[in-house]
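Below, each chain spelled out in residue letters.
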Amino acid sequence: MAGQFRHEMKFYINTQGYHILRARLQTVLRPDENADPRTGEYHIRSLYFDDREEGSLMTKIAGVDEREKFRIRIYNMEDITIRLERKIKRNQYILKHSCSLTRAEFESIMAGDPSCLLAKSKLPAGAVYLAMQNKGLRPVKVVDYIREAYVHPVQDVRITFDKDLRAGTSFQIFDKHMLTVPMLEKGQLILEVKFNQFLPGYISRLLQGVESQHSAVSKYAICRKYDV
């Protein structure tokens with residue numbers, strides 16, 4: 001299997017903890033270069049897919065150790081970058097395959113015709129095509145949030161604060177006026193920590209003493225909690 005499994009840890013964190021940790025991280029890590037230089041943030045919108053058996057959602061709810069999710073992701077509600085992604089979760093490790101889509105390819109997939117994926121050699125195009133043809137994979141939920149990200153070259157550390165998690169009410173992902181519904185309590189954020197083999201000690205120490213709740217957070221599952 002191509003790619004590398006990475007560690008992924010997720011936490012719920014409150015606003016006070018966010019401000020404390022953010023100040024610490026800025027002394028060691030650098031902001032994600034893709035962020036708006038004025039705000040240090042960018043908007044992520046993901047359109048998640050699931051099969052006719054609701055496999056992605058049900059395996060998450062059941063706590064299955066190995067599971068996968070498919071999604072199409074855009075940034076700042078623009079079609080400049082459209083990514084088709086397959087995320088594999090194995091205990092606390094993740095592996096992500098992605099490939100780019102054109103707007104026309106996106107529209108074709110949304111119309112139920114994934115044949116454009118057959119011309120792509122990169123994963124996960126083949127997996128998505130087969131799942132649509134054989135398992136009834138189809139779009140089920142839009143997930144919105146604002147991300148503030150910090151990176152460090154040692155072990156490819158990436159620490160993110162995800163704010164204002166919201167569920168969309170349609171599949172029109174380029175609609176900047178889409179009605180969305182808040183999914184977290186006021187003042188609650190999601191902290192994610194990703195790295196390769198190990199988290200450097202000097203970064204691990206920055207995370208200590210900040211009130212947080214380690215959890216198997218799934219934004220997709222959170223945003224579908226009223227669907228089941």
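The written sequence of each chain sets the order in which its residues are numbered from 1. The model is predicted, so local features are restricted to residues of pLDDT at least 70 and side-chain atom pairs to those at 80 or more, both for listing and for counting; the totals for chains, interfaces and linings are taken over all residues. The basis for every side-chain value is the complete set of non-hydrogen atoms in the structure, without hydrogens or water.

1. Remarks on helix α3 (residues 103–110)
Relative accessibility under 20% of the residue-type maximum defines a buried residue, over 50% an exposed one, and the middle range a partly exposed one, all with a 1.4 Å probe and only protein chains included. Each helix corresponds to a stretch of at least 4 residues labelled H or I by DSSP, and each strand to a stretch of at least 2 residues labelled E; elements are numbered beginning at the N terminus. Along α3, the residues classified as buried are E105, F106, S108 and I109. Considered in projection along α3, the buried side chains sweep an arc of 160 degrees and stay on one side of the axis. Buried positions along α3 lie against β3 (42–50), β4 (66–75), β6 (93–100) and α4 (125–134). Within two residues after α3, G112 carries a phi angle of roughly 90 degrees, on the positive side. In this context, the arc is that of the directions from the helix axis out to the C-beta atoms. Should any heavy atoms of two residues lie within 4.5 Å, those residues are counted as being in contact.

2. Considering the layout of surface pockets
Both cavities and pockets are sets of points on a 1 Å grid over the protein atoms alone; in a cavity a 1.4 Å probe fits but cannot get out, in a pocket the set is open with protein on both sides within 12 Å along at least five of seven lines, and lining residues sit with an atom within 4 Å of a point. Grid points are joined across faces, edges and corners, and a volume is the space filled by probe spheres set on the points. The calculated volume of the largest pocket comes to roughly 670 Å³. Along the walls of the largest pocket sit 31 residues, with R73, K96, R147, R158 and K194 positioned nearest its centre. For the lining of the largest pocket, the secondary-structure elements that each account for two or more residues are β1 (6–14), β3, β4, β6, β7 (138–152), β10 (188–195) and α6 (219–223). Counted as a void, the second largest pocket has a volume near 200 Å³. Along the walls of the second largest pocket sit 15 residues, with E8, R67, K89, A216 and V217 positioned nearest its centre. Those elements that place two or more of their residues in the lining of the second largest pocket are β1, β4 and β5 (82–90). Top contributing element to the lining of the second largest pocket by residue count: β1, with 3 residues. We call Asp, Glu, Lys and Arg charged. Ala, Val, Leu, Ile, Met, Phe, Trp, Tyr, Cys and Pro are nonpolar, and the rest, Gly among them, are polar. Class assignment for the residues of the lining of the second largest pocket results in 3 nonpolar, 5 polar and 7 charged.

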